[in-house]
Amino acid sequence: MTGLASDDLARELRRTGYCIVPDLIPPDAIAALDADLDPVFAATPFGRGDFYGHRTKRFGALMKRSAWAQALALEPTILAAVESILGDACESIQLNVAQAIEIHPGEIRQFPHRDHDMWAGEKGAHEYLVNIIWPLTPFTADNGATHIYPHSHGADGMAKTDPGEPIVAACDPGAAICFLGSTAHGAGANITDQVRRGVVIGYSLGWLKPYENLWLAYPPEVARGFPPELAALAGYRQHRPNLGNYEGQCPSILLGGEVPEHVGAVDGLRPDQMEMLAGFAAAERNSA
């Protein structure tokens, strides 16, 4: 689906649970990101556990490791589609994860799963997250390309006793593999003699606890160097009403100049709440 518009992408995600968009990012940009991450891959040990894998390397905090990762997180077609899907259940979205994954030869197929199961809330009424996998190397059926189960998403998909046969998300660097948090998926086995590299950048409802601890990954001294839109995605934005504040103010206060030792709390409310409270407060003052 080359040249896919954001509303078409959102529509396909709602219909099928996934969408592969080829040629969304120039290959040269992906190669530059791969080069930035190469020494980190080399230094990172294999993970432990039957879910993360024993022949797989993972590391996060990509936004501070490469400006090319920042560009992926802010890709406008993706962001607009994500906001369309998640916007009915939150005021603003946030980064949920920015993780690099390298699957080595000999790794077995990953357990099929739904990423929204990391949260205990009731499922089916709305989506919790949208994930985007960006291949750094070609994804093939033999080197561990992600297996995605079409129509396994949402209330109807989760009600199925059998998710059906998966598709193999085979594609080249520059493509975006997009899928919903309710879509069943899992990495394939790597039966080649080459590694399979990719990064996953996920977005979730702004009021959820994210998979990756954003404020440890990107403390204020790091986030001050981000574009404002990325800093907001990385947790430096208050989710109205008053959620995720710092001393009663939007945490973006930490990204400016010198922060006073003591600050006053400021309402961070939605417009409808401000209007309701203004009417209540006016009536109370008039009756005093």
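The text that follows walks through the structure, step by step, so that each part is easy to find. All values reported here derive from a predicted model rather than from experimental measurement.

## A look at the sheet that holds strand β3 (residues 93-103)
Strands belonging to one sheet form pairs held by backbone hydrogen bonds; the direction of such a pair is parallel or antiparallel. Pairing in this open sheet of 6 strands is antiparallel, and the strands run β1-β7-β4-β9-β3-β2 from one edge to the other. The sheet is open, and its two borders are formed by β1 (18-21) and β2 (56-59), each paired with just one other strand. The mean inter-strand angle of the sheet, taken between neighbouring strand axes irrespective of direction, is 20°. Pairing analysis gives 7 bridges linking strand β4 (residues 129-135) to strand β9 (residues 196-205), with the strands arranged antiparallel. Looking at β9, one finds that Ile 132 is bridged to Ile 201.

## Thoughts on helix α4 (residues 76-86)
Counting along an α-helix, one turn takes 3.6 residues, and residues three or four places apart therefore face a common direction. Among all positions of α4, only Thr 77, Ile 78, Leu 79, Ala 81, Val 82, Ile 85 and Leu 86 are buried. For α4, the N-terminal cap is Glu 75; the gap from its side-chain oxygen to the backbone nitrogen of Thr 77 is 2.9 Å.

## Concerning a nonpolar patch on the surface
Taken together, the side chains of Phe 51, Tyr 52, Phe 111, Met 118 and Tyr 211 make up a nonpolar region of the molecular surface, amounting to roughly 500 Å² of accessible area. The topology assignment puts Tyr 211 in the loop between β9 and α6 (214-217). Residue Tyr 211 is classed as partly exposed on the basis of its relative accessible area, which comes to 35%.

## Digging into the side chain of Gln 238
Mapping Gln 238 onto the fold places it in the loop between α8 (228-233) and α9 (271-287). With sequence-adjacent residues up to four places away left out, Gln 238 is seen in contact with Glu 91, Leu 243, Asn 245, Gln 249, Cys 250, Pro 251 and Gly 268.

## Things to note about the packing of aromatic side chains
A ring pair, where both rings are aromatic, is described by two values, the distance of the centres and the angle of the planes. By the definition in use, this model includes 4 aromatic pairs. The interplanar angle of 20° and the centroid separation of 5.9 Å between the aromatic rings of Trp 119 and Tyr 128 together place this pair among those described as stacked. The residues Trp 119 and Tyr 128 share a single accessibility class, namely buried. A cation sits over an aromatic face here: Lys 123 above Tyr 128, 5.4 Å from the ring centre.

Definitions and limits used
Residues numbered from 1 in each chain as written. Predicted model: local features only at pLDDT ≥ 70, side-chain atom pairs only at ≥ 80, totals over all residues. Heavy atoms only, no water. Pairing = 2+ DSSP bridges. Helix = DSSP H or I, 4+ residues; strand = E, 2+ residues; numbered from the N terminus. Axes fitted to C-alpha atoms, helices over the stretch in contact; angles between N-to-C directions. Buried < 20%, exposed > 50% of the residue type's maximum accessible area, 1.4 Å probe, protein only. Polar contact = N/O pair within 3.5 Å; in protein donor to acceptor, adjacent residues only side chain to side chain. Patch = residues over 30% accessible without salt bridge, like charges linked within 9 Å, V, L, I, M, F, W, Y side chains within 5 Å. Areas by Shrake-Rupley, 256 points an atom, 1.4 Å probe, with all protein chains shown as cover. Salt bridge = Lys/Arg side-chain N within 4 Å of Asp/Glu carboxyl O. Contact = heavy atoms within 4.5 Å. Phe/Tyr/Trp six-rings, centres within 6.5 Å; stacked < 30°, edge-to-face > 60°. Lys NZ or Arg CZ within 6 Å of the ring centre and 35° of its normal.

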